[in-house]
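Analysis of the macromolecular model
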Amino acid sequence: MVTESNISKRTLICDLDGVLWRGDEAISGSAAAIAKLRAAKFKVIFISNNSYSTSETICAKLTHFGVPAQSSDLLTSASAAAAMMQNQSSAQGQKKCRAMVLGGPGLRQALVDAGVDVFEPKKTGAAVPDAVVAGFDPEFDFAAVDEAARAIRSGARFIATNRDPTYPVPGGVVPGAGALVAAIAVASGCEPEVAGKPEAPTVELTRQRIEGYAVVVGDRPSTDGALAESLGIDFALVLSGVTSAIPVLGGESIPDPAPRWVSEDLAALVPHLLEISDSIG
Ligand SMILES: [Mg+2]
């Protein structure tokens, strides 16, 4: 909502993979683009469905690529999953929740910070947890799927960080959290509640961070574009990630109708966003 107090503010909700970097490769010009937008009074919130890395690791990577950032600038699917568990704990009269976690250090850290008691699959004999929380996990294996599916069938809540089918790396893609979550869904016969973009938990956390005019910049219409649509704000699609004019297998195509802006990359988008910024005053 635009009010007198925030009319001169702007918020850039900026996806990471495919916008600032591809895997460990920086996307040329993106750090300078963020600096220009920050100088034009944009508050930048970095948003990612990556639940594997901790906030500290992601901020260190941003800073290494020339984009100074701190944890409060970041919103990940791990923090959204943790907020869901925190709400569950409140609903249970602050009873500490227990979660079986299939994921990386970022997911475990976010849950611990939210007061959740976390444990890994393969801890045989453990009581049925309040929830199974699953995200990107390169250690994922048959035994973990088996234990997660058993817990869900026994009544545990099933939370997925996100359902992105793939994850962009230099030269192609690897299976994303969605591919692993699908295995648990099939084995348990239950569909998960999803924390990350473009689902409600992340929409709500993002909405709380917006000040004044806001725009989502991302490379994936199915998540970043859908997030912008749920928030009722502009979407700027960049073609530096998984979306291309001529779609490739495993990638996405430019939606029809197209979003407000379609740019080669973040650097090419900057003049358009500065024009908006100037018009706000
Ligand atoms: Mg992306």
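Residues numbered from 1 in each chain as written. Predicted model: local features only at pLDDT ≥ 70, side-chain atom pairs only at ≥ 80, totals over all residues. Heavy atoms only, no water.

Section: helix α3 (residues 77-91)
Definition in use: Only DSSP runs of H or I covering at least 4 residues are called helices, and only runs of E covering at least 2 are called strands; the numbering of each starts at the N terminus. Any helix carries an expected span of 1.5 Å times its number of residues minus one. Per-residue accessibility, obtained with a 1.4 Å probe over protein chains only, is compared with the maximum for each type, and a residue is labelled buried under 20%, exposed over 50%, and partly exposed between these values.
The terminal C-alpha atoms of α3, which comprises 15 residues, lie 21 Å apart, in line with the 21 Å expected from a rise of 1.5 Å per residue. Taken together, the buried positions of α3 are occupied by Ser77, Ala78, Ala80, Ala81, Ala82, Ala83, Met84, Met85, Gln88 and Ser89. Note on α3: the residue one or two positions beyond its end, Gly93, has a positive phi of about 70°.

Here's the deal with the coordination of the magnesium ion
What counts, and what does not: We call an atom a donor if it is N, O or S and sits within 2.8 Å of the metal, or 3.2 Å for Na, K and Ca. Water is not counted, so some sites may look partial.
Around the magnesium ion, the protein contributes the donor atoms Asp15 (OD), Asp17 (O) and Asp219 (OD), which lie 2.1 to 2.2 Å from the metal centre. Written as a sequence motif, the donor residues of the magnesium ion are D-x1-D-x201-D. Residue classification places Asp15 among the buried positions, given a relative accessible area of 4%. Accessibility expressed as a relative area gives 11% for Asp17, which makes it buried.

Here's the deal with the domain arrangement of the protein chain
As a reminder, the rule being used: Each domain span listed reflects an automatic or database assignment of domains. For this analysis, residues touch if any pair of their heavy atoms sits within 4.5 Å. Two parts lose some accessible area (1.4 Å probe) when they are put together, and adding that loss for both gives the buried area. Any Lys or Arg side-chain nitrogen found within 4 Å of a carboxyl oxygen on Asp or Glu counts as a salt bridge. Residue classes follow a fixed rule: Ala, Val, Leu, Ile, Met, Phe, Trp, Tyr, Cys and Pro count as nonpolar, while Asp, Glu, Lys and Arg count as charged, and any other residue, Gly among them, counts as polar.
Domain parsing of the protein chain yields domain 1 (4-49 + 198-280) and domain 2 (94-194). Just the C-alpha atoms count here: the centres of domain 1 and domain 2 sit 28 Å apart. Counting residues at the interface gives 11 residues for domain 1 and 8 residues for domain 2. When residues of domain 1 are sorted by the area they lose upon contact with domain 2, Asp17, Asn49 and Arg220 head the list and together hold 44% of the total. Close ionic contact of Arg220 with Asp164 constitutes a salt bridge, the shortest N to O distance being 3.9 Å. Looking at the side of domain 1 that touches domain 2, its residues break down into 2 nonpolar, 4 polar and 5 charged.

Digging into the nonpolar core
Let me state the cut-off plainly: Take the buried residues of types Ala, Val, Leu, Ile, Met, Phe, Trp, Tyr and Cys, join any two whose side-chain atoms come within 4.5 Å, and each joined set is a nonpolar core.
Residues Ile13, Met85, Leu107, Leu111, Val133 and Leu227 are the most contacted members of the largest nonpolar core, which totals 33 residues. Of all the elements, α3 adds the most residues to this core, at 7 residues. Both domains that meet at this core, namely domain 1 (4-49 + 198-280) and domain 2 (94-194), each give it at least three residues. If you look at the next biggest cluster of nonpolar residues, it comprises 30 residues, including Leu62, Leu266, Val270 and Leu273.

Regarding the packing of α3 against helix α7 (residues 200-209)
Our working rule: All axes here are fitted lines through C-alpha atoms, helices being fitted over the stretch that makes contact, and every angle between N-to-C directions spans 0 to 180 degrees. Any angle that falls under 35 degrees is termed roughly parallel, while one over 145 is termed roughly antiparallel, one within 65 to 115 roughly perpendicular, and all others oblique.
Look at α3 against α7: their axes get within 9 Å of each other, and the N-to-C directions meet at 100°. On the basis of the axis angle, α3 is roughly perpendicular to α7. Residues Ser79, Ala80, Ala83 and Met84 of α3 pack against Pro201, Thr202 and Leu205 of α7. Broken down by class, the residue content of the contact of α3 with α7 amounts to 5 nonpolar, 2 polar and no charged.

Observations regarding the environment of Glu252
Rules: Between N or O atoms, a polar contact is any pair within 3.5 Å; within protein, one atom must be a potential hydrogen donor and the other a potential acceptor, and residues adjacent in sequence are included only when both atoms are from side chains.
Within the secondary structure, Glu252 is located in strand β16 (residues 252-253). With a relative accessible area of 13%, Glu252 lands in the buried category. Separated by 175 residues in the primary sequence, Glu252 and Ser77 have C-alpha atoms spaced 21 Å apart. Those residues in contact with Glu252, other than ones at most four positions away along the chain, are Arg220, Pro221, Ser222, Val242, Thr243, Ser244 and Pro247. Within the local environment of Glu252, its side chain forms a polar contact with the side chain of Ser222, the two groups lying 2.5 Å apart.

Some remarks on the pairing of strand β8 (residues 131-134)
Stated formally: Strands pair, by our definition, only if DSSP identifies at least two bridges between them. Here a crossover is taken to be right-handed if, once the strands point away from the viewer, the path from the first strand over the helix to the second is traced clockwise.
Of the two faces of β8, the one carrying Ala131 and Val133 and the one carrying Val132 and Ala134 are both buried. Pairing of strand β6 (residues 98-102) with β8, which is carried by 4 bridges, proceeds in the parallel orientation. Directly across from Val101, in β8, lies its bridge partner Val133. Judged from the 4 bridges that link them, β8 and strand β9 (residues 157-160) form a sheet pairing that is parallel. By the bridge assignment, Ala131 is partnered in β9 with Arg157. This β-α-β element, β8 to helix α5 (residues 142-153) to β9, shows right-handed connectivity.

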